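# Topology and contacts: notes
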Amino acid sequence: MKYFNAIFLGLILVFNFSCDSSQESVFPKRESISESVYASGLIKAQNQYQAFANANGIVQEIFVSEGDSVKIGSPILVIYNQTARLNRENAELTRAFADRKANQSRLRELENNIENAENKWRNDSLLYERQRRLKEQGVGSAVDLEQRQLAFENSRNAYQSAKLIYQDVKREIDYNEKSATKNLSISKALESDLVLKSEVNGRVYDLLKEKGEMVNAQTPLAVLGSADEFVLEMQVDEYDIVKVKHGQKIVVTMDSYRGETFEAVVSKINPLMNESSKSFLVEGVFVHAPPVLYPNLTLEANIVIEVKEDALILPRSFILNDAFVINAAGDTLPVKLGLKDLQKAEILEGVDEKTAVIKPAK
């Protein structure tokens, strides 16, 4: 530590001895200063996304071109998949076969069986009752009565069985109809996935596949987004992210508008750090957007952390190691800094407006 202090004092002495009257000097002055965080990034369309189809196949037809306006649900392209088409046709056939109306004749036949069984049961019931009364009067044998009773019981069981069969068949038909209807809906939904549709009201910015190309569910097919609303996507270093807050002002410059600056505000801070770049994604929106914007335009931004008016300011080139200045007499004076930007810094302690400060020799 003593060795380091000796070296540092030696450097200060070198600066002191190198000062002469020809060196540039300034006086600290009062003006505004702002501290900001630098970020670089891109312009993105609002709700910009890559569109995927939930099916495999060949691009059969493309309905739009790059730059076209679209609405939610507008078809972008269609994919040909023979298996999906055949499954839908087969589901339609199954649904038609299972339709309740198509099975009315079968139900009518069972209803007739119930009606016939009921009539027979009622008739056997009358014959049994008549034979029982005759037996009470001493007419007829016990065997005749037993035969009438057995016929009555059999016809009653047949009637009940006919009703149960009708209920089972009706339940089976209802189930088959509902199941076939659902399978048809699933098949139609799968086939509808062959048509890629827009999920936003906006513009087609890029078509990533051509007619005749093979695609699958992992293949991006198009890039879509808002046509007139854009966001700034900026990468902020982990060292600076704790200073960034919602609503802070952003000063934006772009190569597409050289010499111009635009104002924006922080609208979103994504809380998960990118481990590879050690940065956070911060989004912003323009206060007054440039007249023409396109996705993926590059930008540079300064997120304003704090602004202070009437601060005592000194150019940073006149400050040594952000801790010392050299006055006109060649003395090295310690200073305490406040806000800083790339060119200047706020002086909190050490010198005042009457202190002439000379530029350290390089």
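Residues numbered from 1 in each chain as written. Predicted model: local features only at pLDDT ≥ 70, side-chain atom pairs only at ≥ 80, totals over all residues. Heavy atoms only, no water.

### Regarding the overall build of the protein chain
Helices and strands together make up the secondary structure of the protein chain, namely four helices and 20 strands. Here the protein chain holds 362 residues, and 34% of them are scored as buried. Across the protein chain, every contact between residues at least 6 apart in sequence was considered, and the portion connecting residues at least 24 apart equals 74%. Split by element, the accessible area of the protein chain, about 22300 Å² in all, is 51% carbon and sulfur. (Helix = DSSP H or I, 4+ residues; strand = E, 2+ residues; numbered from the N terminus. Buried < 20%, exposed > 50% of the residue type's maximum accessible area, 1.4 Å probe, protein only. Contact = heavy atoms within 4.5 Å. Areas by Shrake-Rupley, 256 points an atom, 1.4 Å probe, with all protein chains shown as cover.)

### What about the packing of aromatic side chains?
Tallied over the full model, the rule gives four aromatic pairs. Between tryptophan 121 and tyrosine 159, the ring centres sit 5.5 Å apart and the planes meet at 5 degrees, which makes this aromatic pair stacked. With tryptophan 121 in helix H3 (residues 104–136) and tyrosine 159 in helix H4 (residues 142–192), this residue pair connects regions lying 38 residues apart in the sequence. Residue classification places tyrosine 159 among the buried residues on the basis of a relative accessible area of 13%. Consider the rings of tyrosine 257 and phenylalanine 262, whose centres lie 5.4 Å apart with planes at 80 degrees: the pair is edge-to-face. Across the pair, exposure class does not vary: tyrosine 257 and phenylalanine 262 are buried alike. (Phe/Tyr/Trp six-rings, centres within 6.5 Å; stacked < 30°, edge-to-face > 60°.)

### Considering the sheet that holds strand E1 (residues 25–26)
Judged by pairing direction, the sheet is antiparallel, and its four strands sit side by side in the order E1-E20-E16-E17 without closing on themselves. The sheet is open, and its two edges are formed by E1 and strand E17 (332–334), each paired on a single side. Pairing of strand E16 (residues 324–327) with strand E20 (residues 357–358), which is carried by two bridges, proceeds in the antiparallel orientation. Across the sheet, the residue bridging to isoleucine 326 is isoleucine 358, located in E20. (Pairing = 2+ DSSP bridges.)

### With respect to unusual backbone geometry
Here the phi dihedral of asparagine 47 falls at roughly 60 degrees; this positive angle occurs in a residue that is not glycine. Looking at the element boundaries, asparagine 47 is found in the loop between strand E2 (29–45) and strand E3 (49–52).

### Here we look at the sheet that holds strand E5 (residues 69–70)
Reading across the sheet, the four strands line up as E3-E10-E8-E5 and stay open at both edges, with antiparallel pairing between neighbours. Whereas interior strands pair on both sides, the edge strands pair on one side only; in this sheet they are E3 and E5. Summarising the sheet, strand E8 (residues 202–207) and strand E10 (residues 220–225) pair through four bridges and their orientation is antiparallel. Pairing of arginine 203 across the sheet is with glycine 225, part of E10.

### Considerations on H3
Between its first and last C-alpha atoms H3 spans 48 Å; for 33 residues at 1.5 Å apiece the expected length is 48 Å, and the two agree. When H3 is considered as a whole, its buried residues turn out to be Leu107, Leu110, Ile114, Ala117, Asp124, Tyr128 and Gln131. Note on H3: the residue one or two positions beyond its end, glycine 138, has a positive phi of about 85 degrees. (Expected span 1.5 Å × (residues − 1).)

### Considerations on the nonpolar core
Grouped together as the largest cluster of nonpolar side chains are 27 residues, with contacts concentrated most on Val252, Met254 and Phe286. If you list the elements that add at least two residues to this core, you get E2, strand E11 (230–237), strand E12 (249–254), strand E13 (257–269), strand E14 (279–286) and strand E15 (298–315). Among residues more than four places away in sequence, those in contact with methionine 254 are Ile43, Phe262, Phe286, Pro290, Leu293, Thr298 and Leu299. (Core = buried A, V, L, I, M, F, W, Y, C linked by side-chain atoms within 4.5 Å.)

### Thoughts on the confidence of the model for the protein chain
Model confidence for the protein chain is summarised by a mean pLDDT of 85, while 89% of its residues fall at 70 or above. Mean pLDDT values for the elements of the protein chain range from 41 in helix H1 (residues 2–18) up to 96 in E14. The model gives residues 1–21 a pLDDT under 50, and that stretch makes 15 contacts with residues more than four places away or in other chains. (pLDDT = per-residue confidence, 0-100.)

### Quick notes on the environment of leucine 150
Within the secondary structure, leucine 150 sits in helix H4. For leucine 150, a relative accessible area of 49% puts it in the partly exposed group.

### Some words on the layout of surface pockets
If you add up the space inside the largest pocket, you get close to 460 Å³. As for the largest pocket, its lining consists of 18 residues, of which Glu35, Ser36, Val37, Lys340 and Asp341 are closest to the centre. Secondary structure elements with two or more residues in the lining of the largest pocket: E2, E12 and E15. Of the residues assigned to the lining of the largest pocket, the class counts are seven nonpolar, four polar and seven charged. (1 Å grid on protein atoms, 1.4 Å probe; cavity = no way out; pocket = protein on both sides within 12 Å on 5 of 7 lines; lining within 4 Å. Points joined across faces, edges and corners; volume = space filled by probe spheres on them. Nonpolar A, V, L, I, M, F, W, Y, C, P; charged D, E, K, R; others polar.)

### Re the pattern of salt bridges
Tallied over the entire structure, the rule returns 17 salt bridges. Notably, a salt bridge pairs lysine 29 with glutamate 31, separated by 3.7 Å at the nearest N-O pair. Of the charged contacts in the structure, one is a salt bridge between glutamate 129 and arginine 132, with a shortest N-O distance of 2.3 Å. On the criterion of helical spacing, the pair formed by glutamate 129 and arginine 132 is a turn pair, its members being three residues apart in helix H3. Here the salt bridges share partners, and the residues they tie into one network are Lys29, Glu31 and Lys344. (Salt bridge = Lys/Arg side-chain N within 4 Å of Asp/Glu carboxyl O.)

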